[in-house]
Amino acid sequence: MPVTQDSLVNVLSGVSAPVEQARGLPGWMFGDPDVYALEQERIFAGSWVCVGAEDDLPRVGDVMPVEVAGRPLFVVRDQTGYLRCFHNICSHRGALLVTDPGRRKIIACPYHAWTYELDGTLKKTPHICGQGVHDSPTLDKSLHGLKPVRCATWARLVFVNLDPLAPSLDEELAPLAERWAAYDFSLLRFSSAEDFLLPANWKLAIENFVERYHLPWVHPSLNGFSGIDHSFELFGDLFVGVGSRKVTPPRPHGPLPTFPGLPAELAERGEYPALFPNVLLGLHCDSLFAYVMTPQGPNETKERLYFFSVGEESLEPRYAEAKAALHKVFADINREDMDIVSRLHRGCASPAMMGAVFSPVFEKTSQAFQRMVAERLAEPREPQTVSVEAGG
Ligand code: FES
Ligand SMILES: [Fe+2]
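Here the structure is a predicted model, which is why all the values come from computation and not from measurement.

Thresholds applied
- Residues numbered from 1 in each chain as written.
- Chains lettered and ligands numbered in written order.
- Predicted model: local features only at pLDDT ≥ 70, side-chain atom pairs only at ≥ 80, totals over all residues.
- Heavy atoms only, no water.
- Donors = N, O, S within 2.8 Å, 3.2 Å for Na, K, Ca; no water.
- Tetrahedral: all angles 85-135°; square planar, octahedral: opposite > 155°, others 65-115°.
- Axes fitted to C-alpha atoms, helices over the stretch in contact; angles between N-to-C directions.
- Helix = DSSP H or I, 4+ residues; strand = E, 2+ residues; numbered from the N terminus.
- Parallel < 35°, antiparallel > 145°, perpendicular 65-115°, else oblique.
- Left-handed = near helix turned anticlockwise from the far one by under 90°.
- Contact = heavy atoms within 4.5 Å.
- Nonpolar A, V, L, I, M, F, W, Y, C, P; charged D, E, K, R; others polar.
- Core = buried A, V, L, I, M, F, W, Y, C linked by side-chain atoms within 4.5 Å.
- Buried < 20%, exposed > 50% of the residue type's maximum accessible area, 1.4 Å probe, protein only.
- Domains from an automatic or database assignment.
- Buried area = accessible area lost by both parts, 1.4 Å probe.
- Pairing = 2+ DSSP bridges.
- 1 Å grid on protein atoms, 1.4 Å probe; cavity = no way out; pocket = protein on both sides within 12 Å on 5 of 7 lines; lining within 4 Å.
- Points joined across faces, edges and corners; volume = space filled by probe spheres on them.

A. Fine view of the coordination of the iron ion (ligand 2). Around the iron ion (ligand 2), the protein supplies His-214 (NE2), His-219 (NE2), Asp-337 (OD) and Asp-337 (OD) as donor atoms, at distances of 2.1 to 2.5 Å. Each of the four donor atoms bound to the iron ion (ligand 2) contributes to angles spanning 56 to 151°, and the resulting shape is irregular.

Structure representation (structure tokens):
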């Protein structure tokens, strides 16, 4: 099925109908390379895309190459401890600068040895005007630093946005941040991370995460400590998901420190929104987990789970087992999901898959996520991916 504007408008109209009549995204939207390319431009190139956690770059000089919408970028912690993101290309002839995570004093290009400060300033252009002549009268170094990309953090997660005109991350996140105002995220401490490779389209992983209909069959153990009778739905412009008023995962190694001052009704609450486009969050009184989803093409998605505990005290060795056990609870749930989502992906590859019908009770959330995707594909904003110059 070729992607055309008409076909996208039809998909949007189907998915936007009242839930009882709606049709979800048809199967071809999950495996088609043209759809994938369009998503990269119309969704990922203009959104605050999560690329990892602050804890991936804890020290001054730490660098991490990332890719967003096919653009090679890197994140670096500069001399002042501030995280910055740049296009990962040398201002000289465009060589890739950073190919592996690591720690640098400067960013040096391996091709002709131009070097950049950690803040992106072009520092040296060795022998540019002949042996021993390191400066050029016609090259103003201040105009040829690395090209910056907007970078911001929230809840220890690092987000970048290729669109210089998009609203700030704080603005975009305000509704969710306000909802979670009782939780002091400055107390989050990195506990553990785990990588997964999902043989399925990124959208399927998200639409699965945001519905609770599958809990009794796919997650019998989760269903035991978080029954759907206590659940509710979360809807925002940029997030959608589910929550439960009563989540009591097994804690065989005892309790973990909790966010201070939480009202009683939040003590057993769990909330699980997907933040558009690529983060799945899980908030509890004693932890936050985040799955950062990085599509590798239409048929494969990298997932990195970050698990954060609460407060300095939670870093003490006596909590290690309890943290590891809780991490495992949520990682095991993901393994159960990966199995069913890869099955979903294989089914959606069939041309007979004309689009989901939704449970009017449990799947308004999956419908809402699919609608976010369809809206951005069918009604794109003007592309705004021009970068501002260094220092601008
Ligand atoms: S391409 Fe980087 S120094 Fe020449
Ligand atoms: Fe699930």
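B. Structural view of the packing of helix α1 (residues 5-16) against helix α8 (residues 364-378). Viewed as axis vectors pointing N to C, α1 and α8 meet at an angle of 155°, and their least axial separation amounts to 9 Å. On the basis of the axis angle, α1 is roughly antiparallel to α8. Of the two possible hands of crossing, α1 and α8 adopt the one that is left-handed. Contacts between α1 and α8 involve Gln-5, Leu-8, Val-9, Val-11, Leu-12, Val-15 and Ser-16 on the former and, on the latter, Gln-367, Gln-370, Arg-371, Ala-374, Glu-375, Leu-377 and Ala-378. For the contact of α1 with α8, a count of residues per class yields eight nonpolar, four polar and two charged.

C. Examining the nonpolar core more closely. With 71 residues, the main nonpolar core has Met-29, Val-68, Leu-73, Val-75, Val-160, Phe-289 and Val-373 as its most contacted residues. With nine residues, the top contributor of residues to this core is helix α7 (residues 320-348). No fewer than three residues from each of domain 1 (5-45 + 175-378) and domain 2 (49-154) sit in this core. Filtering out sequence-adjacent residues up to four positions away, Val-160 remains in contact with Ser-47, Trp-48, Val-49, Val-51, Val-68, Leu-73, Cys-85, Val-149, Arg-150 and Cys-151. Ranked by size, the runner-up nonpolar core spans 31 residues in total, among them Leu-188, Leu-275, Cys-285 and Phe-308.

D. Examining the domain arrangement of the protein more closely. Each assigned domain of the protein is listed with its residue range as follows: domain 1 (5-45 + 175-378) and domain 2 (49-154). Each of domain 1 and domain 2 was reduced to a C-alpha centroid, and the two centroids are 33 Å apart. Across the boundary between the two partners, domain 1 contributes 18 residues, which contact twelve residues of domain 2. When the two sides are added together, the surface that domain 1 and domain 2 hide from each other amounts to roughly 1100 Å², 65% of it contributed by carbon and sulfur.

E. Expanded view of the packing of helix α4 (residues 202-209) against α7. Running from amino to carboxyl end, α4 crosses α7 at an angle of 125°, the nearest separation of the two axes being 9 Å. Between α4 and α7, the crossing angle belongs to the class labelled oblique. As for the relative orientation of α4 and α7, their crossing is right-handed in sense. On α7, the residues that touch Leu-204, Ala-205, Glu-207 and Asn-208 of α4 are Asp-337, Ile-340, Val-341, Leu-344, His-345 and Cys-348. For the contact of α4 with α7, a count of residues per class yields six nonpolar, two polar and two charged.

F. Summary view of the sheet that holds strand β7 (residues 115-116). Spatially, β6-β7-β8 is the arrangement adopted by the three strands of the open sheet, whose pairing is antiparallel. Taken across any chain shown, the strands that pair with only one partner, and hence form the sheet edges, are β6 (107-108) and β8 (122-124). With two bridges joining them, β7 and β8 adopt antiparallel strand pairing. The residue bridging Thr-115 from the neighbouring strand is Lys-124, located in β8.

G. Examining empty space enclosed by the protein more closely. Counting across every chain of the model gives three cavities of 30 Å³ or more. Computed from the structure, the largest cavity encloses a volume of approximately 320 Å³. As for the largest cavity, its lining consists of 22 residues, of which Phe-209, Leu-215, Leu-222, Tyr-272 and Ile-333 are closest to the centre. Elements represented by at least two residues in the lining of the largest cavity include exactly α4, β13 (239-244), β16 (287-295) and α7. The element contributing the most residues to the lining of the largest cavity is α7, with four residues.

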